[in-house]
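# Reading the structure
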Amino acid sequence: MERPDEVFSQMLKAFPFQPTIDLFASRVNAKLPTNVSWKPDPFARYVQAFTVNWALYPFHAFPPFVLVGRCLQKLEVMGLQGF
């Protein structure tokens, strides 16, 4: 069985871009060095992903399931699309 980090690395190979920021992360589960946490965290670049302009960064997002609809709405309002 593959480790989650190995699966994430393989997943990145399938996309034409490399994300530079991990939205909805914590210091425990962040997959990228730059991340956005839910609560204040000294290791996070930002706090609260919905306050960040997602158009500025190629990003990785694995939000809590309850926030998926809100994320899709933000993408639509900003005119962004995912891969």
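Preceding this section is the structure that the text describes.
Okay, so let's go over this structure.

### Quick word on the overall build of the protein chain
- A count of helices and strands for the protein chain gives two helices and four strands.
- Overall, the protein chain shows an N-to-C arrangement of helices and strands of α-β-β-β-β-α.
- The C-alpha radius of gyration computed for the protein chain amounts to 13 Å, which stays within 12% of the reference 12 Å derived for 83 residues, consistent with globular compactness.
- Taken along its principal axes, the extent of the C-alpha atoms in the protein chain is 35 × 30 × 25 Å.

### A look at unusual backbone geometry
- At Phe-24, a residue that is not glycine, the phi angle is positive and equals roughly 60°.
- Tracing the backbone shows Phe-24 in the loop between β1 (21–23) and β2 (36–37).
- One non-glycine residue, Gln-48, lies in positive phi territory at about 75°.
- Structurally, Gln-48 is set in the loop between β3 (46–47) and β4 (59–61).

### Comments concerning a nonpolar patch on the surface
- A cluster of nonpolar side chains, contributed by Phe-62, Phe-65, Val-68 and Leu-72, occupies part of the molecular surface with about 470 Å² of accessible area.
- Within the secondary structure layout, Leu-72 lies in helix α2 (residues 68–78).
- The exposed category is assigned to Leu-72, whose relative accessible area is 52%.

Parameters and conventions
- Residues numbered from 1 in each chain as written.
- Predicted model: local features only at pLDDT ≥ 70, side-chain atom pairs only at ≥ 80, totals over all residues.
- Heavy atoms only, no water.
- Helix = DSSP H or I, 4+ residues; strand = E, 2+ residues; numbered from the N terminus.
- Rg over C-alpha atoms; globule rule 2.2 N^0.38 Å.
- Patch = residues over 30% accessible without salt bridge, like charges linked within 9 Å, V, L, I, M, F, W, Y side chains within 5 Å.
- Areas by Shrake-Rupley, 256 points an atom, 1.4 Å probe, with all protein chains shown as cover.
- Salt bridge = Lys/Arg side-chain N within 4 Å of Asp/Glu carboxyl O.
- Buried < 20%, exposed > 50% of the residue type's maximum accessible area, 1.4 Å probe, protein only.

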